[in-house]
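# What the coordinates show
Take a look at the letters that make up each chain.
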Amino acid sequence: MAAAFNLVCTGTHVQTKNGAVVPDTQFTHAFRVDLDRRRYCREDCKQTHPIYQVTDTKIVFTRLEQDSILIEVSVSRESGFYNAISNSPTGSGWSQGTCTKAPFTGFPERKF
């Protein structure tokens, strides 16, 4: 199985701000992923980021837990289920959807 690939993820984003529910929105996110290098980028891929964790069943792109803030973005390697959570004192948001694999389109060239 190729260790470098793109993911195209679509789904629904729900959020609250200061206790009020914001209307749901549809999203499409594009990821470029290289598991061997443990790096990824999003959308127009201006820079890469380290992948937080890779297991046999899950890729966790980002996880931040600090004070009363939690952010996590992950995808199931088995089902393609996409899950993003963002919680803070002023609001929360979550996105759920499905990712499909596409050919790897590369990372930006390094300047040095």
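Because the structure is a prediction, the values reported are computed rather than measured.

## Examining the sheet that holds strand E7 (residues 69–76)
Whenever strands of a sheet pair, they do so through backbone hydrogen bonds, lying parallel or antiparallel. Read from one edge of the open sheet, nine strands run E4-E3-E2-E1-E9-E8-E7-E6-E5, paired in antiparallel fashion. Each of the sheet's edge strands pairs with one partner strand only, and the pair in question is strand E4 (49–50) and strand E5 (53–54).

## Focus on the state of the cysteines
Scanning the model with the defined rule gives two disulfides in all. Between the sulfur of cysteine 9 and that of cysteine 99 lies a disulfide, 2.0 Å long from S to S. Its torsion about the S-S bond being 105 degrees, the disulfide of cysteine 9 and cysteine 99 is classed as right-handed. With cysteine 9 in strand E1 (residues 4–17) and cysteine 99 in strand E9 (residues 91–102), this residue pair connects regions lying 90 residues apart in the sequence. Residues cysteine 9 and cysteine 99 agree in their burial class; the two are buried. Here cysteine 41 pairs with cysteine 45 through a disulfide, and the sulfurs are 1.9 Å apart. Because the torsion about its S-S bond is -90 degrees, the bridge between cysteine 41 and cysteine 45 counts as left-handed. No difference in accessibility class separates cysteine 41 from cysteine 45, as the two residues are buried.

## Digging into the pattern of salt bridges
A complete count under the given rule lists six salt bridges for this structure. The salt bridge involving aspartate 34 is made with arginine 37; its shortest N-O contact spans 3.9 Å. Residue aspartate 34 is classed as buried on the basis of its relative accessible area, which comes to 8%. Classification of arginine 37 by relative accessible area gives partly exposed; the value is 45%.

## Brief notes about the environment of tyrosine 52
Within the secondary structure layout, tyrosine 52 lies in the loop between E4 and E5. Given a relative accessible area of 48%, tyrosine 52 falls into the partly exposed group. Counting along the chain gives 14 residues from tyrosine 52 to arginine 38, while the straight-line C-alpha distance between them is 8.2 Å. The residues contacting tyrosine 52, other than those within four sequence positions of it, are Arg38, Val60, Phe61, Thr62 and Arg63.

## Thoughts on the packing of aromatic side chains
For the structure on display, the rule yields six aromatic pairs. Ring centres of phenylalanine 27 and tyrosine 82 lie 5.4 Å apart, and the angle between their planes is 50 degrees; on these two criteria the pair is classed as tilted. Remark: tyrosine 82 occurs in strand E8 (residues 81–88) and phenylalanine 27 occurs in strand E2 (residues 20–34); sequence separation between them is 55 residues. A ring pair is formed by phenylalanine 104 and phenylalanine 107, whose centres lie 5.3 Å apart and whose planes are at 90 degrees; its orientation type is edge-to-face. The class for phenylalanine 104 is partly exposed, based on a relative accessible area of 30%. Among the aromatic side chains, those forming a connected cluster through ring pairs are Phe27, Phe31, Tyr40, Phe61 and Tyr82.

Conventions used here
Residues numbered from 1 in each chain as written. Predicted model: local features only at pLDDT ≥ 70, side-chain atom pairs only at ≥ 80, totals over all residues. Heavy atoms only, no water. Pairing = 2+ DSSP bridges. Helix = DSSP H or I, 4+ residues; strand = E, 2+ residues; numbered from the N terminus. Disulfide = S-S within 2.5 Å. Buried < 20%, exposed > 50% of the residue type's maximum accessible area, 1.4 Å probe, protein only. Salt bridge = Lys/Arg side-chain N within 4 Å of Asp/Glu carboxyl O. Contact = heavy atoms within 4.5 Å. Phe/Tyr/Trp six-rings, centres within 6.5 Å; stacked < 30°, edge-to-face > 60°.

Read these as geometric descriptors, not functional statements.
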